[in-house]
Amino acid sequence: MIHFSVILPAAGRSTRFGGGELKKVFVSLLGQPIWLHSAKRFAARPDVNEVVVVISADDEPYFREQFAEVCQENNIRFVLGGETRTDSIANGIDALTNPGDFIAIHDAARPGIDDAMIDEVFSTAAASGAAILALPVPGTLKRSAADGTIQATVPREGIWEAQTPQVFRRALILEAYEKFRHEPATDDASLVERLGHPIQLVKGALRNLKITTKEDLEVAQKLLSPEV
Ligand SMILES: Nc1ccn([C@@H]2O[C@H](COP(=O)(O)OP(=O)(O)OP(=O)(O)O)[C@@H](O)[C@H]2O)c(=O)n1
Ligand SMILES: C[C@](O)(CO)[C@H](O)COP(=O)(O)O
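Scoring rules and cut-offs
Residues numbered from 1 in each chain as written. Chains lettered and ligands numbered in written order. Predicted model: local features only at pLDDT ≥ 70, side-chain atom pairs only at ≥ 80, totals over all residues. Heavy atoms only, no water. Helix = DSSP H or I, 4+ residues; strand = E, 2+ residues; numbered from the N terminus. Rg over C-alpha atoms; globule rule 2.2 N^0.38 Å. Areas by Shrake-Rupley, 256 points an atom, 1.4 Å probe, with all protein chains shown as cover. Lys, Arg positive; Asp, Glu negative; His and termini not counted. Charge placed at Lys NZ, Arg CZ, Asp CG, Glu CD. UniProt positions renumbered as here; feature names shortened; annotations may be inferred. Buried < 20%, exposed > 50% of the residue type's maximum accessible area, 1.4 Å probe, protein only. Contact = heavy atoms within 4.5 Å. Polar contact = N/O pair within 3.5 Å; in protein donor to acceptor, adjacent residues only side chain to side chain. Near = heavy atom within 4 Å. Axes fitted to C-alpha atoms, helices over the stretch in contact; angles between N-to-C directions. Parallel < 35°, antiparallel > 145°, perpendicular 65-115°, else oblique. Left-handed = near helix turned anticlockwise from the far one by under 90°. Nonpolar A, V, L, I, M, F, W, Y, C, P; charged D, E, K, R; others polar. Arc of directions from axis to C-beta. Pairing = 2+ DSSP bridges.

Asker: Would you mind showing me how to read the overall build of the protein chain here?
Answerer: The helix and strand inventory of the protein chain stands at seven helices and eleven strands. A globule of 228 residues ought to have a C-alpha radius of gyration of about 17 Å, and the protein chain, at 17 Å, matches this closely. For the protein chain, the C-alpha atoms occupy an extent of roughly 50 × 40 × 40 Å along the three principal directions. Total accessible area on the protein chain is roughly 11600 Å²; 51% of this is exposed by carbon and sulfur atoms. Here the protein chain contributes 24 positive and 31 negative side-chain charges, whose respective centroids are spaced 3 Å apart.

Have a look at this one:
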């Protein structure tokens, strides 16, 4: 069996989510904290041999108090993150003790991932070396001018919005982070692209949305509620 190590970046500041003492990844959704939805799902898979969640140092006391038991029960470890998402994931990679053939990186702020999507992106990565979930952009795209008016309409053919998991052969992601971890990037595929290795796009789903704002939380509650 091919094994996957999973890194869950959860060390962001939740700025766009707005105030409140809790970071968004610890806010409850359908009865459990947002981060636990995906963490438990990955940890339960026989092809996942390691799950590392990356938290901010500020959150460590809270995390230890609230989640030590569930982490032990589910064999989830945590490590401290960094200033940028890339720093956090680099710390997650460094913390792997039993790295699998592939490394999967999934935003802890995406609770709606399901096993069908994981199966698809894992198998595609296993066949090609690199794959990410993404959604073709459905609407019409506009580029704005400095004064807020429309500068141009951007053709949407071939335009996708990246999601996660982003899954890479271990040597590939290690090389990308070794070479480019200090360059700005908002996702991991951006770093691997710089190596020139092809990355397969695998269609994700609306339910795999990233919880960025409080409105996203309301949408997720509707999208992810069990069918009545
Ligand atoms: N330094 C960082 C920044 C982000 N993340 C994680 O990367 C995922 C996607 O980031 P985003 O949605 O932007 O989260 P925040 O950075 O918290 O959001 P904001 O930009 O609104 O502060 C989240 O699970 C977030 O916790 C991280 O681990 N370390
Ligand atoms: C990785 C990602 O979720 C793909 O869309 C996105 O780039 C994360 O960006 P953020 O600014 O850290 O939310």
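Asker: When you look at the UniProt feature "site: Positions MEP for the nucleophilic attack" (unreviewed entry) in the protein chain in this model, what are you seeing that I'm missing?
Answerer: Taken from the UniProt record, the annotation "site: Positions MEP for the nucleophilic attack" (unreviewed entry) applies to Arg-156 and Lys-210. Locating Arg-156 in the fold gives a position in the loop between strand S9 (150–154) and strand S10 (160–169). Taking relative accessible area as the criterion, Arg-156 reaches 37% and is therefore assigned partly exposed. Not counting residues within four places of it along the chain, the set of residues in contact with Arg-156 comprises Val-137, Pro-138, Gly-139, Thr-140 and Leu-141. Within polar-contact distance, the side chain of Arg-156 engages the backbone oxygen of Gly-139 at 2.9 Å. With respect to the element layout, Lys-210 can be found in the loop between strand S11 (200–203) and helix H7 (214–224).

Asker: Hey, could you run me through the site of ligand 1 in this one?
Answerer: Around ligand 1 there are 18 residues in total, and Pro-9, Ser-14, Thr-15, Arg-16 and Ser-88 lie nearest to it. Between a nitrogen atom of ligand 1 and a main-chain N or O atom of Arg-85, the distance comes to 3.4 Å. Surface burial for ligand 1 is 88%, taken as the share of its 560 Å² of free accessible area covered by protein chains. Of all the secondary structure elements, the ones that give two or more residues to the shell around ligand 1 are strand S1 (4–10) and helix H3 (85–94).

Asker: When you look at the packing of H3 against helix H5 (residues 170–180) in this model, what are you seeing that I'm missing?
Answerer: For any two helices packed against each other, one specifies the crossing angle of their axes together with the interaxial distance. Packing of H3 against H5 brings their axes to within 11 Å, and their N-to-C directions diverge by 130 degrees. Put simply, H3 runs oblique to H5. Helix-helix and strand crossings are classified by hand; for H3 and H5 the assignment is left-handed. Residues Thr-86, Ile-89, Ala-90 and Ile-93 of H3 form the contact with H5, whose own contacting residues are Ile-173, Leu-174 and Tyr-177. Counted by class, the contact of H3 with H5 contains six nonpolar, one polar and no charged residues.

Asker: I'm lost on H7 in this one. Help?
Answerer: Each turn of an α-helix holds 3.6 residues, which means side chains three or four residues apart point in the same direction. When H7 is considered as a whole, its buried residues turn out to be Asp-216, Leu-217, Ala-220 and Leu-224. Buried residues of H7 fall within an arc of 100 degrees about the axis and therefore sit on the same side. Exposed and facing more than 90 degrees away from the buried side of H7 are Glu-215 and Lys-222. Those residues of H7 that are buried are in contact with strand S2 (28–29) and helix H1 (34–43).

Asker: What is the right way to look at the site of ligand 2 in this model?
Answerer: Every residue close to ligand 2 is listed here: Arg-16, Arg-85, Asp-107, Arg-110, Ala-162, Thr-164, Thr-186, Asp-187 and Lys-210. One of the side-chain nitrogen or oxygen atoms of Arg-16 is found 3.3 Å away from an oxygen atom of ligand 2. Side-chain polar atom of Lys-210 to an oxygen atom of ligand 2: 2.6 Å apart, as the coordinates give it. Isolated, ligand 2 exposes 360 Å² of accessible area, and the fraction of that covered by the protein chains is 76%. When grouped by side-chain class, the residues that make up the shell around ligand 2 number one nonpolar, two polar and six charged.

Asker: Looking at this structure, how should I read the pairing of strand S6 (residues 102–105)?
Answerer: Remember that side chains alternate between the two faces of the sheet whenever the strand is regular. Side chains of S6 alternate between two faces, with Phe-102 and Ala-104 and Ile-103 and Ile-105 buried alike. Across four bridges, S1 lies against S6 in parallel orientation. In the sheet register, Val-6 faces S6, and the bridge partner there is Ala-104. Strand direction decides the pairing type here: S6 and S10, joined by four bridges, are antiparallel. In the sheet register, Ile-103 faces S10, and the bridge partner there is Phe-168.

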